Amino acid sequence: MGKNIVSHKSKKRKYEIREGEYPLRVFGRTGDIVGKIADHTTHKDVSAKTAFLKYPYPAIAHTIEALKYMQEMGVVYIDVLDKDSGIHYKTTVQKYFDEGEYFYGGEKWGEQLKLALPNFTQTRDPEFITSHTDALAYSATSDTNDVMPLSYVSRAPVGVTYTKGVKQLGLFGDGE
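Cut-offs applied
Residues numbered from 1 in each chain as written. Predicted model: local features only at pLDDT ≥ 70, side-chain atom pairs only at ≥ 80, totals over all residues. Heavy atoms only, no water. Pairing = 2+ DSSP bridges. Helix = DSSP H or I, 4+ residues; strand = E, 2+ residues; numbered from the N terminus. Axes fitted to C-alpha atoms, helices over the stretch in contact; angles between N-to-C directions. Contact = heavy atoms within 4.5 Å. Phe/Tyr/Trp six-rings, centres within 6.5 Å; stacked < 30°, edge-to-face > 60°.

Student: Mind laying out the sheet that holds strand β6 (residues 87-92), listing which residues take part and the relevant values?
Tutor: On the basis of which strands lie adjacent, the open sheet formed by 6 strands has the order β1-β2-β3-β5-β6-β9 and mixed pairing. The open sheet has two free edges, formed respectively by β1 (22-25) and β9 (121-124), since each of these has just one partner strand. In this sheet, adjacent strand axes meet at a mean angle of 25° when their direction is disregarded. Bridge count between strand β5 (residues 77-82) and β6: 6 bridges; the pairing is antiparallel. When the bridges of β6 are listed, L81 appears paired with H88.

Written out as structure tokens, the structure is:
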């Protein structure tokens, strides 16, 4: 008789919720699944370009409501994977309350706590495959996926020495 307003099209979920795991949903907005809770850890995959705060310093924010929900669910750790770089940012929920900085994210997000990126343990995901191959031209990675230091060859002139007794030209004239 009447048309159903709600669409029942299923969205492709990027998180497979297994037995003993729970979905992590967006609080205060749509209720979409943004991650999962498994083994006392929340797992969330985001793009640093759009999800990380950039000003005045790079940080990751969570709503206070979501952090309290994580505590109620027995979550100890927060693991955020940057899909662009393959870096896992891991910290504890308690660290957000201890060292996080409060800010208001507007009508869309509400009250949040942000934590600067240096406060996270950062590791590279071993399954991450980069689509940018030019990085290997600068440095190669080791077997443990740790980034090797950049090898640099200087093109500066060499062999210029100071000879005592020979007058050198001054930068702004003779100096007399």
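Anyway, onward from the coordinates.
Student: Let's hear about the sheet that holds strand β8 (residues 111-116): which residues, and what values?
Tutor: Pairing is antiparallel in the open sheet, where 3 strands are placed in the order β4-β8-β7. Because the sheet does not close on itself, it has two edges, and the strands there are β4 (59-63) and β7 (101-104). Going from strand to strand, the sheet's axes swing by 35° on average, the running direction of each strand aside. Bridge count between β7 and β8: 4 bridges; the pairing is antiparallel. Of the residues in β8, the one forming a bridge with Y102 is L113. Strand contacts of helix α2 (residues 64-72): β4, β7 and β8, with the helix running at about 75° to β4, the strand carrying the most contacts.

Student: Describe in detail the side chain of Q112, supporting the description with residues and values.
Tutor: Within the secondary structure, Q112 is located in strand β8. Leave out the neighbours within four places in its chain, and Q112 touches A61, H62, T63, I64, E101, Y102, F103 and G105.

Student: With reference to specific residues and values, describe the packing of aromatic side chains.
Tutor: Per the stated rule, a full pass over the model turns up 3 aromatic pairs. Measuring from ring centre to ring centre gives 5.4 Å for F52 and Y89, while their planes differ by 80°; the resulting arrangement is edge-to-face. Note that F52 is positioned in the loop between α1 (48-51) and β4 and Y89 in strand β6, a separation of 37 residues in sequence. For the pair Y89 and F120, a centre-to-centre distance of 6.1 Å together with 85° between the ring planes defines the contact as edge-to-face. One end of the pair, Y89, is in strand β6; the other, F120, is in the loop between β8 and β9, and 31 residues separate them in sequence.

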